[in-house]
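Each chain, written out:
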Amino acid sequence: MRIATYVAAAMLIAGPAHANWLDRAWDAQAVEANLAPAITLGAAGVLLVLPQETLDAAHAEGLSTPDAVQQLVERYGQRCSGVIDLDQPHQHLRVQLFIEKRVAFAAAPESVQGEVRDAQKSPQSAPPPDTLAVTPEQSSELFIDYVPARTAHCITPGDTIS
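Now for a look at the structure at hand. (Residues numbered from 1 in each chain as written. Predicted model: local features only at pLDDT ≥ 70, side-chain atom pairs only at ≥ 80, totals over all residues. Heavy atoms only, no water.)

**Here's the deal with the overall build of the chain**
Keep this limit in mind: Secondary structure follows DSSP: runs of H or I at least 4 residues long count as helices, runs of E at least 2 residues long count as strands, and numbering of each begins at the N terminus. Buried means the residue's accessible area, taken with a 1.4 Å probe over protein chains only, is under 20% of the maximum for its type, while exposed means over 50%, and partly exposed covers the values in between. Any two residues whose heavy atoms approach within 4.5 Å are treated as being in contact. With residues, only the protein chains shown are counted as cover, and all accessible areas are computed by Shrake-Rupley using a 1.4 Å probe.
Helices and strands together make up the secondary structure of the chain, namely 6 helices and 5 strands. Along the chain, from the amino end to the carboxyl end, the secondary structure elements read α-α-α-β-β-α-α-β-α-β-β. In the chain, which comprises 162 residues, the share counted as buried stands at 30%. Within the chain, contacts between residues at least 6 apart in sequence are counted, and of these 75% link residues at least 24 apart. Only carbon and sulfur atoms are counted for the fraction: they give 57% of the accessible area of the chain, which is about 10,700 Å².

**A few points about the state of the cysteines**
Here is the rule we go by: Here, the term disulfide refers to a pair of cysteine sulfur atoms separated by no more than 2.5 Å.
Counted according to the given criterion, the structure contains 1 disulfide. Linked covalently through their sulfurs, cysteine 80 and cysteine 154 form a disulfide whose S-S length is 1.8 Å. What sets the handedness of the cysteine 80 and cysteine 154 disulfide is the S-S torsion sign, and at about -90 degrees it is left-handed. Highlighted residues: cysteine 80 in the loop between α5 (65–76) and β3 (90–104) and cysteine 154 in the segment after β5 (140–146), separated in sequence by 74 residues. Judged by relative accessible area, which is 40%, cysteine 80 ranks as partly exposed. Accessibility expressed as a relative area gives 31% for cysteine 154, which makes it partly exposed.

**Topic: the packing of aromatic side chains**
Keep this limit in mind: Any pair of Phe, Tyr and Trp rings, taking the six-membered ring for Trp, is counted once the centres come within 6.5 Å. Such a pair is stacked with planes under 30 degrees apart, edge-to-face with planes over 60 apart, and tilted for the rest.
Taken as a whole and assessed by the stated rule, the structure comprises 1 aromatic pair. A centroid spacing of 4.9 Å and a plane angle of 50 degrees characterise the contact between tryptophan 26 and tyrosine 76, whose relative ring orientation is tilted. Remark: tyrosine 76 occurs in helix α5 and tryptophan 26 occurs in the loop between α2 (21–24) and α3 (28–32); sequence separation between them is 50 residues. A relative accessible area of 31% means that tryptophan 26 is categorised as partly exposed. A relative accessible area of 24% means that tyrosine 76 is categorised as partly exposed.

**With respect to unusual backbone geometry**
Of note, the phi angle at cysteine 80 is positive, near 60 degrees, even though the residue is not glycine. Although it is not a glycine, histidine 92 sits at a positive phi angle of roughly 60 degrees. Following the sequence through the fold, histidine 92 ends up in strand β3.

**So, the pairing of β3**
Working note: regular strand, side chains alternate between the two faces of the sheet. Basically, it comes down to this: Pairing between strands requires that DSSP locate at least two bridges from one strand to the other.
In terms of strand pairing, strand β2 (residues 45–51) meets β3 through 6 bridges, oriented parallel. Across the sheet, the residue bridging to proline 51 is glutamate 100, located in β3. Of the pairings in the sheet, the one linking β3 to strand β4 (residues 131–134) comprises 4 bridges and is antiparallel in character. Pairing of alanine 104 across the sheet is with threonine 131, part of β4.

Here it is as structure tokens:
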């Protein structure tokens, strides 16, 4: 009986579990704020658009940028792709990293402001937003030694499924 009491007390003291930066990277709030990562697999490697807030959260938890990229690709990268098979290890996998930042509309590049204004020429358009998520044209290139922590069972069209 005492052990059960101690276990219950320990659970109350521990409190609720909190999601880490990786769980929050693609949660409903990030998607609603239009600040979710984007991962594209291509013949030249991985293209990753990452919100500055997500990278800052990973750094706050002690991760380096390559470690954060590795974890994002592992968790959210497309499985069963004919372009890059993320179910297999890839030594020195090239990642082109773009950092997305939220900026005031007035501080956004002129070309972006122009695109927003052009989109607002329809009668039912809303006023310009106060802020925008902007991805610069410059990227960083890094290389990761990708090792999947899990694998998927891929099914191709025409496979017999039992």
